[in-house]
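Analysis of the macromolecular model
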Amino acid sequence: MTTVVPTSEEDPALSVVRFTSEVSWADAGAEVAESHVQRLYDEAQECIVRGRWFDLASLMLTSADVIFSKVSEKDLECIFTIICDLVTKTESLDDSLEMAKLISTKISQQPNDKPGLRLKIMFNLYNLLENPYSRFFVYMKALELAVNGKVTDYVVPSFKKIDTFLKEWDIGIQDQRKLFLTVANILKESKSSAKDSFKFLTKYLATFSDEDANSIGESKEEAVRTIVEFVKAPDMFQCDLLDMPAVAQLEKDAKYALVYQLLKIFLTQKLDTYLDFQAANSTLLTSYGLVHEDCITKMRLMSLVDLASAESGQISYALIKDTLHINDDEVELWVVKAITTKLIDCKMDQMNQIVIVSRCTERVFGQSQWQTLRTKLATWRGNVANVISTIQANKITEEGVQAMQGSMVR
């Protein structure tokens, strides 16, 4: 965080007012400039005396904005450091918020003029604020500036701390939705991983519940977008979208019911079902930018996962061939692909033409999967308890034998 250190007896804010007004009126001639500089200086001095920090910030921003293209970035950074520091002068958090809104709005108005510097100023302001909501407001303004100024690379690293920020800001549902959607849009345009954008889209959708009858409808477009991103992504094979009310509403929607059906196929069905769907709805898939060949590749892998979870640990080569619609010599290739993408752990028994599965990824992880996991854990716990009991019993027996042998020696 930048700290303002006075280097003269004059108040730093007055020094800024004098400097910026002199530069602003320099072209008007010395006589005209002098009167305007003095007027602005006197107004600033009165604001300081009366503690009118918001008015002082407004006055300083007017001149600073005019000279943004006339002075060096170093001077601009110093000027705005002093302007931003005004938020620390007031004891009222509400006043601080209003000043933060004023300053951040002014900074973000011309995003294409030194956007990197403007972002630096914005985050300096952020660090000076104590009010959590003020920080949230400035952060959102910074994201807006980054998008409009085409410098989103500067803000993307901060997305890793969003969960920490949320705990600090303690914002409401509407603000959370705005944040998640903004972040998701930035990630989509910044060439980041599709998983990153998808993560924040799902966070956005998760803020809607069945009780939000008045607002859940606004999530339809984003729910469709999230489904399409999941289907498109070549490295995403698991999600909980089906459990979300924002997605479930599409099932009976006249416009988007087929999109919901497509998601259900990818999460619960095999390749045959997808091929039937595609044959009847090829235009729909094309309209959403989905490539049939890519969908087949993904569905083959997901179908193989389905076989792995349903066939009690062993899958015959013949079943894989029939389910994936492939040739005999392609079976092992697809098994290797599934292993490479970490969908399954297995061994291939070429002699017996079977795949022995030790682990597989669940396409959905809902109530049924939790119950299965609970059962397995209970079984493992019982097995461990039995092993411990056996070890203890053997230990007692061994100690008894040793004691008897000792008595016989004596």
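Above this text sits the structure in question.
Notes on the structure follow. (Residues numbered from 1 in each chain as written. Predicted model: local features only at pLDDT ≥ 70, side-chain atom pairs only at ≥ 80, totals over all residues. Heavy atoms only, no water.)

Points about a nonpolar patch on the surface
Taken together, the side chains of Val 336, Ile 339 and Met 348 make up a nonpolar region of the molecular surface, amounting to roughly 200 Å² of accessible area. The exposure class assigned to Met 348 is partly exposed, which follows from its relative accessible area of 32%. (Patch = residues over 30% accessible without salt bridge, like charges linked within 9 Å, V, L, I, M, F, W, Y side chains within 5 Å. Areas by Shrake-Rupley, 256 points an atom, 1.4 Å probe, with all protein chains shown as cover. Salt bridge = Lys/Arg side-chain N within 4 Å of Asp/Glu carboxyl O. Buried < 20%, exposed > 50% of the residue type's maximum accessible area, 1.4 Å probe, protein only.)

Brief notes about the sheet that holds strand β2 (residues 344–349)
In space, the 3 strands of this open sheet follow the order β1-β3-β2, with antiparallel pairing throughout. Single-partner strands in this sheet number two, and they are β1 (314–316) and β2. Mean inter-strand twist for the sheet, computed between neighbouring axes without regard to direction, equals 25°. Note: β2 against strand β3 (residues 354–360), 6 bridges, orientation antiparallel. Following the sheet pairing, Lys 347 is matched in β3 by Ile 356. Across the sheet, helix α16 (residues 317–324) lies against β1, β2 and β3, angled at about 70° from β1, the strand it touches most. Lying on the sheet, helix α17 (residues 331–340) is in contact with β2 and β3; it crosses β2 at an angle near 150°. (Pairing = 2+ DSSP bridges. Helix = DSSP H or I, 4+ residues; strand = E, 2+ residues; numbered from the N terminus. Axes fitted to C-alpha atoms, helices over the stretch in contact; angles between N-to-C directions. Contact = heavy atoms within 4.5 Å.)

As for the side chain of Lys 141
Relative to the helices and strands, Lys 141 resides in helix α7 (residues 132–148). If we ignore the near neighbours within four places in the chain, the residues touching Lys 141 are Ser 104, Thr 105, Ser 108 and Met 122.

Description of the packing of helix α13 (residues 257–268) against helix α14 (residues 271–287)
Closest axis-to-axis distance for the α13/α14 pair is 11 Å, and the angle between their directions is 150°. In the crossing of α13 with α14, the sense of the turn from one axis to the other is left-handed. On α14, the residues that touch Leu 258, Gln 261, Leu 262, Ile 265 and Phe 266 of α13 are Thr 273, Tyr 274, Phe 277, Asn 281, Leu 284 and Leu 285. (Left-handed = near helix turned anticlockwise from the far one by under 90°.)

As for the pattern of salt bridges
Scanning the entire structure with this criterion turns up 18 salt bridges. One salt bridge connects Glu 144 with Lys 141, and the closest N-O pair in it is separated by 3.6 Å. Residue Glu 144 and its partner Lys 141 are both found in helix α7; the two are separated by 3 residues, about one turn of the helix. Taking relative accessible area as the criterion, Lys 141 reaches 15% and is therefore assigned buried.

As for the nonpolar core
Among the nonpolar cores identified, the biggest contains 121 residues, and Phe 80, Phe 159, Ile 162, Leu 179, Phe 230, Tyr 274 and Ile 320 are the most heavily contacted of them. With 9 residues, helix α15 (residues 292–310) is the largest single contributor of residues to this core. Not counting residues up to four positions away in its chain, the partners in contact with Tyr 274 are Leu 262, Ile 265, Phe 266, Leu 285, His 292, Cys 295, Ile 296 and Met 299. (Core = buried A, V, L, I, M, F, W, Y, C linked by side-chain atoms within 4.5 Å.)

Brief notes about unusual backbone geometry
In this model, Lys 114 sits at a positive phi of 55°, which is unusual for a non-glycine residue. Along the chain, Lys 114 falls in the loop between α5 (93–107) and α6 (115–128). Here Lys 114 falls in the partly exposed class, since its relative accessible area comes to 22%. Here the phi dihedral of Asp 170 falls at roughly 55°; this positive angle occurs in a residue that is not glycine. By the secondary structure assignment, Asp 170 is in the loop between α8 (162–169) and α9 (173–189). Residue classification places Asp 170 among the exposed positions, given a relative accessible area of 66%.

Treat this as a map of the structure, not an account of what it does.
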